Amino acid sequence: KQPDLFVQAKAEIPMLRQKLHGKSYIYMNNAATALKPQRVIDALSHYYADYGVSIYRGTDEFAHKADVAFEGCRQRMAKYLNAPTAESIVFTRGTTAAINLVARSYGEAVINPGDEIIVSAMEHHANYLPWQQLCLRKNAKLVLAPLDKRGIIDLPALQKLLNDKVKIVAVAGVSNLMGACQDIAAICNLVHKFSPAVVSVDAAQWILHAKIDVQQLDCDFLAFSAHKLYGPTGLGCLYGKYDLLQAMSPLESGGEMVDKVDVYQSTFKDAPWKFEAGTMPIAEVIAFAAALDFVEQYELTSHNDYLTALTAYAVEKLSRLPHIKIYNPQNNASGIIAFNVAGVHPHDAASVFAKAGIGLRAGNHCAQPTLRWLQQENCLRCSLAFFNTVAEVDRLVETAATADDYLSVLFN
Ligand code: PMP
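Everything numeric here is computed off the predicted structure, so don't read it as measured data. (Residues numbered from 1 in each chain as written. Predicted model: local features only at pLDDT ≥ 70, side-chain atom pairs only at ≥ 80, totals over all residues. Heavy atoms only, no water.)

**A look at the nonpolar core**
A general feature of soluble globular proteins is that nonpolar side chains tend to end up buried together. Formed by 123 residues in total, the largest nonpolar core has its most connected members in M77, L81, W206, L222 and Y230. Broken down by element, this core gets its largest block of residues, twelve residues, from helix α10 (residues 282-297). Ignoring any residue separated from it by four or fewer positions in sequence, one finds Y230 in contact with A34, L35, K36, P37, V40, L208, A291, F294, V295, L300, A385 and F386. Counting residues in each nonpolar core, the second largest holds 26 residues, with I99, L245, A271 and F275 among its members. (Core = buried A, V, L, I, M, F, W, Y, C linked by side-chain atoms within 4.5 Å. Buried < 20%, exposed > 50% of the residue type's maximum accessible area, 1.4 Å probe, protein only. Helix = DSSP H or I, 4+ residues; strand = E, 2+ residues; numbered from the N terminus. Contact = heavy atoms within 4.5 Å.)

So this is what it looks like as structure tokens:
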């Protein structure tokens, strides 16, 4: 049964009252981005309409209000992640920018020729390419952690890969295509015990499904995007252990990140401000606090048993269809189902689902290493969230039943 809190939360999301091809819109592309509740949309317009001035660049009451709101969100974010201080939270453009910051700044400084960086085939391109390219620049070695058939990192095999040359281990808490959930606390423990490496966690998908406590995990860096957690686009967050952040050089230089600019030398502010050059996405940061209120009020990252049961129900029904192949039938906790319709290109199949009012994703999902591991070129991905219902899953399954004959569905 769908928890009452979830039914109440659903009523706050205007996009869920939209229609697609004349049918009520069924959104099953939650892993791409989360739809926004009205209070987030209102927080954006409240800032722009009522105190929409810049931060750190004005001295009047409006400027003060914006400064306080912006820094208040950093504190809110730190509390949400149980980070020890607000200063260990850097606002970025998104997960991608946060991971690139770690690779370009921390990675560039610590990786030497012959060093090793461990990733896995479950990584999104945003947590694969920055490390691959760093290895190429530095003549270091990219090592792939062995996985079991669900896409979960095999911990004893990971332990065997750890040695003094390993300087960074970069893993996603939940993978965006297979929905594999990694045991990040155990990975951090192993890595810190058997190597000098730091653990950089891509939490872009994980942040939706768990209450993350960075101190308990003992991860060194953790990145995610606001837009996947019901917040605005264009904003992400990098948590880093403060001594690591403080030792890192800024990637971008410009307004407000600097302390003293001499003719030929300059000194920079402390972390996190030295990483926040130029005018920041002020409205987005402020509105993200409203998204966190939404998530906490309706306990959206708890009650994961509802999402797990709904996903298991969908998997069970879909796998009865002979022309449907599911690649991750065991990973139900993240709401993600990766599948194909036999003989039908995923883009064509996605049009059949769209005609039935269902939004999902087709293609390579920015996860070519994962598809290579699956020996596929592309696939469909349905990603469920707290607001999806059994009736919606039934419509998904009924549509999937017709998708093998997609030409007659699309042209009749
Ligand atoms: N990592 C994972 C696991 C993701 O799912 C995504 C978003 N698809 C990203 C990284 C990149 O996030 P963004 O595009 O918001 O920077």
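Now that the structure has been shown, the text picks up again.
**Structural notes on the site of the ligand**
Close to the ligand lie T95, T96, H124, A126, N176, D202, A204, Q205, S225, H227 and K228, which account for all nearby residues. At a separation of 3.4 Å, an oxygen atom of the ligand approaches a polar backbone atom of T95. Within the contact set of the ligand, an oxygen atom lies 2.6 Å away from a side-chain nitrogen or oxygen of S225. Alone, the ligand offers 400 Å² of accessible surface; in the complex the protein occludes 86% of this. (Near = heavy atom within 4 Å. Polar contact = N/O pair within 3.5 Å; in protein donor to acceptor, adjacent residues only side chain to side chain. Areas by Shrake-Rupley, 256 points an atom, 1.4 Å probe, with all protein chains shown as cover.)

**A word on the packing of aromatic side chains**
For the structure on display, the rule yields 15 aromatic pairs. For the ring pair Y230 and F294, a centre distance of 5.5 Å and an interplane angle of 65 degrees mean the geometry is edge-to-face. With Y230 in the loop between β9 (221-225) and β10 (236-240) and F294 in helix α10, this residue pair connects regions lying 64 residues apart in the sequence. F294 shares its class with Y230; the two are buried. Each member of the aromatic cluster is reached from another via a ring pair, and the members are F6, Y230, F294, Y298, Y306, F386 and F387. Taking the ring centre of Y56 as reference, the NZ or CZ of K269 above it sits at 6.0 Å. (Phe/Tyr/Trp six-rings, centres within 6.5 Å; stacked < 30°, edge-to-face > 60°. Lys NZ or Arg CZ within 6 Å of the ring centre and 35° of its normal.)

**Regarding the side chain of T399**
As for its position among the elements, T399 is in helix α14 (residues 390-402). Residue classification places T399 among the buried residues on the basis of a relative accessible area of 6%. In contact with T399, other than residues within four places in its own chain, are V352, F353, A356 and I358.

**Looking at the packing of helix α3 (residues 61-81) against α10**
At a minimum axis separation of 9 Å, α3 and α10 run at an interaxial angle of 40 degrees. Relative to α10, α3 is oriented oblique. Of the two possible hands of crossing, α3 and α10 adopt the one that is left-handed. When α3 is examined against α10, the residues A66, A69, F70, C73, R76, M77 and Y80 are found in contact with a partner set consisting of I282, V285, I286, F288, A289, L292, D293, V295 and E296. Grouping the amino acids of the contact of α3 with α10 by side-chain chemistry returns 13 nonpolar, no polar and three charged. (Axes fitted to C-alpha atoms, helices over the stretch in contact; angles between N-to-C directions. Parallel < 35°, antiparallel > 145°, perpendicular 65-115°, else oblique. Left-handed = near helix turned anticlockwise from the far one by under 90°. Nonpolar A, V, L, I, M, F, W, Y, C, P; charged D, E, K, R; others polar.)

**Some details on the UniProt feature "domain: Aminotransferase class V" (unreviewed entry) in the chain**
This chain's UniProt record puts "domain: Aminotransferase class V" (unreviewed entry) on residues 26-396. For residues 26-396, the end-to-end C-alpha separation is 9 Å, with 39% helix and 17% strand making up the annotated structure. (UniProt positions renumbered as here; feature names shortened; annotations may be inferred.)

**Digging into the pattern of salt bridges**
Summed over all chains, the structure comprises 15 salt bridges. Ionic pairing is found between K10 and E392, a salt bridge with its closest N-O pair at 3.6 Å. On the criterion of sequence distance, the pair formed by K10 in helix α1 (residues 4-10) and E392 in helix α14 is long-range, its members being 382 residues apart. One salt-bridge network, held together by shared partners, links E71, R74 and E276. (Salt bridge = Lys/Arg side-chain N within 4 Å of Asp/Glu carboxyl O.)

**Digging into unusual backbone geometry**
Look at the link from A271 to P272: it is a cis peptide, with omega at 0 degrees. Note that P272 resides in the loop between β12 (266-268) and α10. You will see that H21, though not glycine, has its phi angle at about 50 degrees, which is positive. Following the sequence through the fold, H21 ends up in the loop between β1 (19-20) and β2 (23-24). Phi angles above zero are rare outside glycine, and D218 is one such case at about 65 degrees. Secondary-structure assignment places D218 in the loop between α8 (214-217) and β9.

**As for the sheet that holds strand β17 (residues 379-383)**
Sheet architecture is open: four strands sit in the order β13-β14-β17-β16, paired in antiparallel fashion. The open sheet terminates on both sides in strands that have one partner only, identified here as β13 (324-326) and β16 (361-363). Sheet twist, expressed as the average angle between the axes of neighbouring strands with direction ignored, equals 30 degrees. Here four bridges tie strand β14 (residues 336-341) to β17, and the two strands are oriented antiparallel to one another. Bridge pairing in β17 links A338 to R381. (Pairing = 2+ DSSP bridges.)

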